[in-house]
Amino acid sequence: QVQLVESGGGSVQAGGSLRLSCAASGRTFSSYIVGWFRQAPGKERDFVAASMTWSTGIVYADSVKGRFTISRDNAKNTVYLQMNSLKPEDTAVYYCAATPYGSGNYQLPNTYNYWGQGTQVTVSS
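Residues numbered from 1 in each chain as written. Predicted model: local features only at pLDDT ≥ 70, side-chain atom pairs only at ≥ 80, totals over all residues. Heavy atoms only, no water.

Could you give me a rundown of the state of the cysteines, with the residues and numbers involved?
In a disulfide, the sulfur atoms of two cysteines are held together by a covalent bond. Inspection of every chain in the model, using the stated rule, returns one disulfide. The disulfide bridge from Cys22 ends at Cys96, spanning 2.1 Å between sulfur atoms. Measuring the twist about the S-S bond at about 65°, one finds the Cys22-Cys96 disulfide to be right-handed. Here the residue Cys22 occupies a position in strand β3 (residues 18-25), and Cys96 occupies one in strand β9 (residues 92-100), the gap between them amounting to 74 residues. Among the residues examined, Cys22 registers a relative accessible area of 0% and is labelled buried. (Disulfide = S-S within 2.5 Å. Helix = DSSP H or I, 4+ residues; strand = E, 2+ residues; numbered from the N terminus. Buried < 20%, exposed > 50% of the residue type's maximum accessible area, 1.4 Å probe, protein only.)

Residue-level account of the environment of Arg72, with values.
Looking at the secondary structure, you find Arg72 in strand β7 (residues 68-73). Considering only alpha carbons, one finds Arg72 and Ala23, 49 residues apart in sequence, at a separation of 10.0 Å. When near neighbours in sequence (up to four residues on either side) are disregarded, Arg72 contacts Phe29, Ser30, Tyr32, Val34, Ser51, Met52, Thr53, Thr78 and Val79. A polar side-chain atom of Arg72 sits 2.9 Å from the main-chain carbonyl oxygen of Tyr32. Side-chain polar atoms of Arg72 contact the backbone oxygen of Ser51, separated by 3.0 Å. (Contact = heavy atoms within 4.5 Å. Polar contact = N/O pair within 3.5 Å; in protein donor to acceptor, adjacent residues only side chain to side chain.)

Report on the pairing of β9, specifying residues and quantitative values.
Most of β9 is tucked away, with seven of its nine residues classed as buried. Pairing of strand β4 (residues 32-39) with β9 involves eight bridges; the strand directions are antiparallel. Directly across from Phe37, in β9, lies its bridge partner Tyr95. Strand direction decides the pairing type here: β9 and strand β11 (residues 119-124), joined by three bridges, are antiparallel. From the neighbouring strand, Ala92 faces β11, where its bridge partner is Val121. (Pairing = 2+ DSSP bridges.)

Okay, here's the thing in C-alpha cells:
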C-alpha cells in the first residue's frame, strides 16, 4: 500500500506561482511512476505531468509544458509540481497518483492504483 498526501494548493492571481507537494508513505517510492492530474468542476480528470522511475523520464501535458515542472525527491518520498505563469484555466482540484512502473498508459487515470485526496488550486484573472 502507498498513501499519498497533497499539499500546497491555494488561491493566486493569474501569472502567479504555486508549488504542490505529494508526500508518500508505505512503500519505496522510487519504483513508482508518480503522476499529477487535475479535475475542474463538471469535467473529466486530466493528465498534467508524470515522473517516471528514472531521472530523465518526465512528461507534461501540452497545456502546461513550459510552465509547470515536476520533480521528485526519492529520499524524502515526495514529488513536487512547481506551477508558474498560472492561468484561470488552471483552476481545478489537483491530485497526485502513483502506480508501479509498467502498469500501462501513465496519462490515463485508470492506470494508477493510489491517489491522494486532492488539493484545490484557484487562479483568478
